[in-house]
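# Summary of structural features
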Amino acid sequence: MQKKNTQIAKISKRGFTLIEFLISIAIIFSIGALGLFIGMDFYKSYTLNSERSIAISILQKTRNLSMANINEAKHGIYLDADKYTIFQGENYSSRNQTYDEIIYINPTITKGGLQEVVFEQLTGKPSAIGNIILSNATRSITISIENEGRINW
């Protein structure tokens, strides 16, 4: 009988101490915080790359509309702080607003550089050459428009 009581006493003394419990919670919290930090960095990179792809496809679409001579007019893109506007006409201020196509920019992305580019009919040559710079809190990406209408990124 005494042997059973000592076994029960040994079994009841097994378990975690308060310090072991706190250390394990601290380790779990540290791993979670690291995962959150890496996840946010991945998300910021993803949104910037996604916005770059959208901007490039809009530029290519606008150039293709001009080269195809759609509605026998020039086509251009106007880059505002919060949106891209694909328009038809000589420039943004004298455009035909009926044909406007608006695409909104991700609010976490800031834009700099060229504000308006109009592509010539049939040739696709741009009215302005230069860079469009997209950036977030950590990185920036440059999209270049060359004198023959080539779009580099």
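Residues numbered from 1 in each chain as written. Predicted model: local features only at pLDDT ≥ 70, side-chain atom pairs only at ≥ 80, totals over all residues. Heavy atoms only, no water.

Attention now goes to the packing of aromatic side chains. Applying the stated criterion across every chain yields a total of 2 aromatic pairs. With a centroid separation of 3.9 Å and an interplanar angle of 10 degrees, the aromatic rings of Tyr-78 and Tyr-92 are classed as stacked. On the criterion of sequence distance, the pair formed by Tyr-78 in strand 1 (residues 75-79) and Tyr-92 in the loop between strand 2 (83-88) and strand 3 (101-104) is long-range, its members being 14 residues apart. Note on Tyr-92: relative accessible area 19%, which makes it buried. Relative to Tyr-92, the ring of Phe-87 has its centre 5.7 Å away and its plane inclined at 75 degrees; by these criteria the two rings are edge-to-face. Each member of the pair Phe-87 and Tyr-92 is classed as buried. An aromatic cluster is present here, built from Tyr-78, Phe-87 and Tyr-92 joined pairwise through their rings. The ring of Tyr-92 carries Arg-95 above its face, with NZ or CZ at 3.9 Å from the centroid. (Phe/Tyr/Trp six-rings, centres within 6.5 Å; stacked < 30°, edge-to-face > 60°. Helix = DSSP H or I, 4+ residues; strand = E, 2+ residues; numbered from the N terminus. Buried < 20%, exposed > 50% of the residue type's maximum accessible area, 1.4 Å probe, protein only. Lys NZ or Arg CZ within 6 Å of the ring centre and 35° of its normal.)

Relative to the helices and strands, Tyr-104 resides in strand 3. Looking at Tyr-104, the relative accessible area reads 57%, which means it is exposed. Tyr-104 sits 67 residues away from Phe-37 along the chain, and the two C-alpha atoms are 27 Å apart. In this structure Tyr-104 touches Asp-82 and Lys-83, once residues within four positions along its chain are discounted. (Contact = heavy atoms within 4.5 Å.)

Now for the side chain of Lys-83. Assignment of secondary structure puts Lys-83 in strand 2. Of the side chains with opposite charge, Asp-80 comes closest to the buried, unpaired Lys-83, at an N-O distance of 4.3 Å. The contacts of Lys-83, once residues within four sequence positions are left out, are Tyr-78, Ile-102, Ile-103, Tyr-104 and Ile-105. (Lys, Arg positive; Asp, Glu negative; His and termini not counted. Salt bridge = Lys/Arg side-chain N within 4 Å of Asp/Glu carboxyl O.)

Here 4 strands make up an open sheet; going across it, the order is 4-6-7-8 and the pairing antiparallel. Two strands lie at the open edges of the sheet, namely strand 4 (110-113) and strand 8 (151-152), each paired on one side alone. Alignment of strand 4 against strand 6 (residues 130-135), held across 4 bridges, turns out to be antiparallel. Considered in strand 6, the bridge of Gly-113 is made with Ile-132. In this fold helix 2 (residues 18-67) packs onto strand 6, strand 7 (140-145) and strand 8, with an angle of close to 10 degrees to the strand it touches most, strand 7. (Pairing = 2+ DSSP bridges. Axes fitted to C-alpha atoms, helices over the stretch in contact; angles between N-to-C directions.)

This next bit is on unusual backbone geometry. Residue Asn-71 is not a glycine yet carries a positive backbone phi of 60 degrees. Within the fold, Asn-71 resides in the loop between helix 2 and strand 1.

Moving on to the nonpolar core. By size, the foremost hydrophobic cluster in this structure holds 20 residues, and its most contacted members are Leu-59, Ile-77, Tyr-84, Ile-132, Leu-134 and Ile-143. If you list the elements that add at least two residues to this core, you get helix 2, strand 1, strand 2, strand 5 (116-119), strand 6 and strand 7. Sequence-distant contacts of Ile-143, that is, excluding residues within four places in its chain, are made with Arg-52, Ala-55, Ile-56, Leu-59, Gly-130, Asn-131, Ile-132, Leu-134, Ile-151, Asn-152 and Trp-153. (Core = buried A, V, L, I, M, F, W, Y, C linked by side-chain atoms within 4.5 Å.)

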